[in-house]
Amino acid sequence: MPDNAPFAYEVEDLNKQYGDDSKPANANVSFRIRQGEFFGLLGSNGAGKTTLIKQMIGLVRPDSGTVRLLGRDVFTHPRFTTANVGYMPQTAFALNSLTVREAVYFSAHLRGVAAKAAKRERDDLLEQLGLTHLTNKVARQLSGGERRLLQIAVTLTGSPPVLILDEPTNELDPSRRRQVWQLFKDLNQRDGRTIILITHNAIEAEQVIERVGILKNGRLVALGAPAELKSSLRSQVRLSITLEDTQLHRLPDYVHVQSQHRGKVVALVDSADLPHLTKDVDLTQFPEFTMHTATLEDVYVSYA
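Chemist: Describe the overall build of the chain, with residues and values.
Modeler: If you tally the helices and strands in the chain, you get 11 helices and 14 strands. Dimensions of the chain, computed from C-alpha atoms along their principal axes, come out at roughly 70 × 45 × 45 Å. Look at the contacts in the chain between residues 6 or more apart in sequence, and 69% of them connect residues 24 or more apart. As displayed, the chain has an accessible area near 15300 Å², and 48% of this comes from carbon and sulfur atoms. Taken as two groups, the 36 positive and 35 negative side-chain charges of the chain have centres that lie 8 Å from each other.

Chemist: Quick rundown of the packing of helix α3 (residues 100–110) against helix α4 (residues 115–128)? Include the residues and the values.
Modeler: In contact at an axis separation of 9 Å, α3 and α4 are set at 130° when each is read in the N-to-C sense. Here α4 runs oblique to α3, going by the angle between their axes. Considering how the two elements wind past one another, α3 and α4 form a crossing that is right-handed. Packed against α3, whose contacting residues are V100, R101, V104, Y105, A108 and H109, the element α4 presents A115, A118, K119, E121, R122, L125 and L126 at the interface. Looking at the contact of α3 with α4, its residues break down into eight nonpolar, one polar and four charged.

Chemist: Hey, could you go over the pairing of strand β7 (residues 162–166) for me, with residue numbers and the actual values?
Modeler: The two faces of the sheet receive side chains in turn, since in a regular strand these alternate between them. Counting buried residues in β7 gives five out of five residues, a clear majority hidden from the surface. On β7, burial covers both faces: V162, I164 and D166 on one face and L163 and L165 on the other are all buried. In terms of strand pairing, strand β6 (residues 85–88) meets β7 through four bridges, oriented parallel. The residue bridging G86 from the neighbouring strand is L163, located in β7. Sheet topology places β7 next to strand β8 (residues 194–199); five bridges connect them, and they run parallel.

Chemist: Account for the nonpolar core, naming residues and giving values.
Modeler: Core analysis: the biggest nonpolar cluster contains 43 residues, and F38, L42, L150, I152, F184 and I209 have the highest contact counts within it. The next biggest cluster of nonpolar side chains, apart from the first, holds 25 residues, and it includes A8, Y9, V67 and F80.

Chemist: Mind laying out the packing of α3 against helix α5 (residues 144–156), listing which residues take part and the relevant values?
Modeler: Axis separation between α3 and α5 bottoms out at 8 Å; the angle between their running directions is 20°. Here α3 lies roughly parallel to α5, going by the angle between them. Note that α3 runs across α5; the crossing there is right-handed. Residues V100, A103, V104 and S107 of α3 form the contact with α5, whose own contacting residues are L150, A153 and V154. The residue makeup of the contact of α3 with α5, split by class, is six nonpolar, one polar and no charged.

Chemist: Go over the environment of N4 with me, naming the residues and quoting the values.
Modeler: Following the sequence through the fold, N4 ends up in the segment before β1 (7–16). Along the backbone, N4 and I209 are 205 residues apart, and their C-alpha atoms lie at a distance of 18 Å.

The rules behind these values
- Residues numbered from 1 in each chain as written.
- Predicted model: local features only at pLDDT ≥ 70, side-chain atom pairs only at ≥ 80, totals over all residues.
- Heavy atoms only, no water.
- Helix = DSSP H or I, 4+ residues; strand = E, 2+ residues; numbered from the N terminus.
- Contact = heavy atoms within 4.5 Å.
- Areas by Shrake-Rupley, 256 points an atom, 1.4 Å probe, with all protein chains shown as cover.
- Lys, Arg positive; Asp, Glu negative; His and termini not counted.
- Charge placed at Lys NZ, Arg CZ, Asp CG, Glu CD.
- Axes fitted to C-alpha atoms, helices over the stretch in contact; angles between N-to-C directions.
- Parallel < 35°, antiparallel > 145°, perpendicular 65-115°, else oblique.
- Left-handed = near helix turned anticlockwise from the far one by under 90°.
- Nonpolar A, V, L, I, M, F, W, Y, C, P; charged D, E, K, R; others polar.
- Buried < 20%, exposed > 50% of the residue type's maximum accessible area, 1.4 Å probe, protein only.
- Pairing = 2+ DSSP bridges.
- Core = buried A, V, L, I, M, F, W, Y, C linked by side-chain atoms within 4.5 Å.

In structure tokens, the structure reads:
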């Protein structure tokens, strides 16, 4: 994506507060996303991601601030927004009473695709996502993973230039995840689609996104390329260790444990302390031990 590419989204000083809630849903949020960019939005539950996205697609009006899509205000031009953005929410109850065939066809047709072309697009998408054998099945009867694939198919109908995807690979098995990520990469790199990914999974996001914004308590606390944000943790090394509970207490104080679950421990160590670590701890005592530079997940944890 060239640095001089025009902007797909321009969000300026966005503010939103619900009723008597003491904390704002969004506070002074500003950022821009260029056309053809693969952008990630990270944040814990309640960070303000859903409210921000609903404002970006014109479903929730902000208390103040502006949102422009491809140069047009999303609230002044709602039909333009609908025609140019494919939004995939985490749930899609509106599809439950339709068959797989009907859901994809009617979504394409409602987006302005002619009847014959909508049928062709439906068949192509169902084949591409491995749903052809489910065409006559009602959406509510699908498994969680199948329903997720149907949502992806519906989102892609009409070939919108901008895609907003909320946790798109939830409930998918590893094979399907790889297939879906490759599809998104192709849409971005081959077709030039702008993709905005909302997720909790920083490790998965790091594989595809070019830039990331991190939300905390409704505020954008970090914005930049993953490598740029990770530079703040350049002096730290991430350790992944498998050990027994009794061994945890034997780790030196300079090993900063980030998480632990059933013997799996993730910790950070300053690079300057690595020579001490190899002297103070017999690494061969651990069944598993890996060491690598900080990840986007570490950045996410440090901010959020």
